[in-house]
Amino acid sequence: MTRAATLILGLAAVGAAYAAEITDTLPARCDAFVYTLRLQAARTQACDARITFGNGAALTFQVPALADAADGRPHPVSYRFTDPSGACVARGKAPVTIDPAEKGFGLRLRANAAGLAIALGGPCEEISASVAAFDTPAARSVTATIPGALTVMRRSLRAEALDPPQAAPFASVEALAARLAASSDPREGLYKYLDKDISPDGPAAMSRPEGYVLAIVRDPVDEDSYLIIHLKSTAASWKPLEIKARMTPTPFTGHFDLRWTSATRRPLSEADTYAQYNENASILTLAFPSLRASFRLARVLPEKQEP
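Remember, predicted model here, so these are calculated numbers, not experimental data.

Caption draft 1: Layout of the overall build of the chain. Scanning the chain from N- to C-terminus turns up two helices and 21 strands. Evaluated residue by residue, the chain yields a buried proportion of 48% over its 307 residues. At a minimum sequence separation of 6, the contacts of the chain that also span at least 24 residues come to 59%. For the chain, the computed accessible surface area is about 14,300 Å², with 54% contributed by carbon and sulfur atoms.

Written out as structure tokens, the structure reads:
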């Protein structure tokens, strides 16, 4: 069986201002990619930003001015997606808000064999759209055209290709426990099954998350991401210290794209999964919308070892 590894292709410096084009090139082999961009809105001027792919497809979206969308007041913004021929295949308009303190507006693009998923919003995802006909292997590159009135706060591009299974970077369960005991990261820790919401007639009706005991640690390869490490479950084929999933950050607070591997070791696409922490990271929700399923994990203190 194989799993998907994540390659970080580019990160923009926080606070860097651009008035031209920023291009990230996708690897020659690309099964899927996730592109995120967070922009600081202009004070009084709404601006149109544009994402262009190497095959000519493009997304144009509006970033509202702080004067229009701050202080919790919703302001309508529009987006438009055109295919390589220039024909419009998706468009829409919906209200969004901007945190007046943080001043950010986020974009996330998730592309895979199912197409392209678009998310836009201020503190959280407020606009969602999809383009089923998007050709991910043909995209080749992602270019952001940013007006000079906007500032790039964060930008990343993660490309995925199938890779052999990987074990967690710990020699033993005891070494992992010591790592967690020394951590000051509120998102790292030992998490156990809390409850579930699974449709009885959905594709995941037979799933049994009740036995999960999972550890969450920062990914040593990408410090912004987290590894979910399997310790216990009802799946006999899974052993302790195997990597169950990877969580990679989105432009939204406490929200992560989730690359989950099922009990049968089938990788699930990020387009079908996500992870969300509550405010103090004591509860983690793992959601699988296309499977009509989700379950929650609660953070627990490590068990004390007998002297």
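Caption draft 2: Spotlight on the sheet that holds strand E18 (residues 255–260). Spatially, eight strands are ordered E14-E15-E16-E17-E18-E19-E20-E21 in a closed barrel, and the strand pairing comes out antiparallel. Taken pair by pair, the neighbouring strands of this sheet meet at an average axis angle of 30 degrees, ignoring direction. Pairing geometry for strand E15 (residues 213–218) and strand E16 (residues 226–232), over six bridges, is antiparallel. Across the sheet, residue Arg-218 finds its bridge partner in E16, namely Tyr-226. Its contacts with the sheet place helix H2 (residues 173–181) against strand E14 (189–198), E15 and E16, and it is angled at close to 60 degrees to E15.

Caption draft 3: Representation of the sheet that holds strand E7 (residues 75–82) in the model. If you walk across this open sheet you meet the six strands as E3-E12-E5-E6-E7-E8, and the pairing is antiparallel. Two strands lie at the open edges of the sheet, namely strand E3 (21–25) and strand E8 (88–96), each paired on one side alone. With strand direction ignored, the average angle separating the axes of adjacent strands in the sheet is 15 degrees. Direction of pairing for strand E6 (residues 58–63) relative to E7: antiparallel, over a ladder of four bridges. Counterpart to Thr-60 in the pairing with E7 is Arg-80.

Caption draft 4: Quick look at the pattern of salt bridges. Under the counting rule described, the total for this entry stands at 12 salt bridges. Each of Arg-108, Arg-110, Glu-125, Arg-158 and Asp-257 takes part in one network of salt bridges that share partners.

Caption draft 5: Main features of unusual backbone geometry. At Lys-103, a residue that is not glycine, the phi angle is positive and equals roughly 70 degrees. Summarising the element assignment, Lys-103 is placed in the loop between E8 and strand E9 (104–112). Even without being a glycine, Leu-241 presents a positive backbone phi close to 75 degrees. Turning to its location among the elements, Leu-241 is positioned in the loop between E16 and strand E17 (242–249).

Caption draft 6: Just the environment of Ile-98, in detail. Examined against the element boundaries, Ile-98 turns out to sit in the loop between E8 and E9. In this structure, the C-alpha to C-alpha distance between Ile-98 and Val-63, residues 35 residues apart in sequence, is 9.9 Å.

Caption draft 7: Geometry of the side chain of Arg-155. Structurally, Arg-155 can be placed in strand E13 (residues 151–163). Given the relative accessible area of 9%, Arg-155 is considered buried. A polar contact is formed between the side chain of Arg-155 and the side chain of Asp-24, at a distance of 3.0 Å.

Caption draft 8: Fine view of the packing of aromatic side chains. In total, this model carries 14 aromatic pairs according to the counting rule given. A centroid spacing of 6.4 Å and a plane angle of 65 degrees characterise the contact between Tyr-191 and Tyr-277, whose relative ring orientation is edge-to-face. Taken together, the positions of Tyr-191 in strand E14 and Tyr-277 in strand E19 (residues 274–277) put the pair 86 residues apart, joining distant regions of the chain. For Tyr-277, a relative accessible area of 5% translates into the label buried. Note on Phe-256 and Tyr-277: the rings are 5.9 Å apart at their centroids and 75 degrees apart in plane angle, and the pair reads as edge-to-face. Of the two residues, Phe-256 sits in strand E18 while Tyr-277 sits in strand E19, which places them 21 residues apart along the sequence. Each member of the pair Phe-256 and Tyr-277 is classed as buried. Among the aromatic residues, those joined into a cluster by ring pairs are Phe-33, Phe-53, Phe-81 and Phe-134. Positioned above the aromatic ring of Trp-238, the side-chain terminus of Lys-244 is 4.1 Å from the ring centre.

Caption draft 9: Layout of the pairing of E14. Pairing analysis gives four bridges linking E14 to E15, with the strands arranged antiparallel. When the sheet's bridge partners are listed, Tyr-191 is paired in E15 with Leu-214. Looking at chain direction, E14 and strand E21 (residues 293–300) are connected through eight bridges and run antiparallel. For Tyr-191, the partnering residue across the bridge sits in E21 and is Arg-299.

Caption draft 10: Looking closely at the nonpolar core. Phe-33, Ile-51, Phe-53 and Phe-61 are the most contacted members of the largest nonpolar core, which totals 45 residues. In this structure, Phe-61 is in contact with Leu-37, Leu-39, Cys-47, Asp-48, Ala-49, Ile-51, Ser-78, Tyr-79, Phe-105, Leu-107 and Leu-120, ignoring residues within four places of it in sequence. Grouped together as the second largest cluster of nonpolar side chains are 20 residues, Ile-216, Ala-275, Leu-284 and Leu-286 included.

Cut-off values and rules
Residues numbered from 1 in each chain as written. Predicted model: local features only at pLDDT ≥ 70, side-chain atom pairs only at ≥ 80, totals over all residues. Heavy atoms only, no water. Helix = DSSP H or I, 4+ residues; strand = E, 2+ residues; numbered from the N terminus. Buried < 20%, exposed > 50% of the residue type's maximum accessible area, 1.4 Å probe, protein only. Contact = heavy atoms within 4.5 Å. Areas by Shrake-Rupley, 256 points an atom, 1.4 Å probe, with all protein chains shown as cover. Pairing = 2+ DSSP bridges. Axes fitted to C-alpha atoms, helices over the stretch in contact; angles between N-to-C directions. Salt bridge = Lys/Arg side-chain N within 4 Å of Asp/Glu carboxyl O. Polar contact = N/O pair within 3.5 Å; in protein donor to acceptor, adjacent residues only side chain to side chain. Phe/Tyr/Trp six-rings, centres within 6.5 Å; stacked < 30°, edge-to-face > 60°. Lys NZ or Arg CZ within 6 Å of the ring centre and 35° of its normal. Core = buried A, V, L, I, M, F, W, Y, C linked by side-chain atoms within 4.5 Å.

Function-wise, these values are silent; they only describe arrangement.
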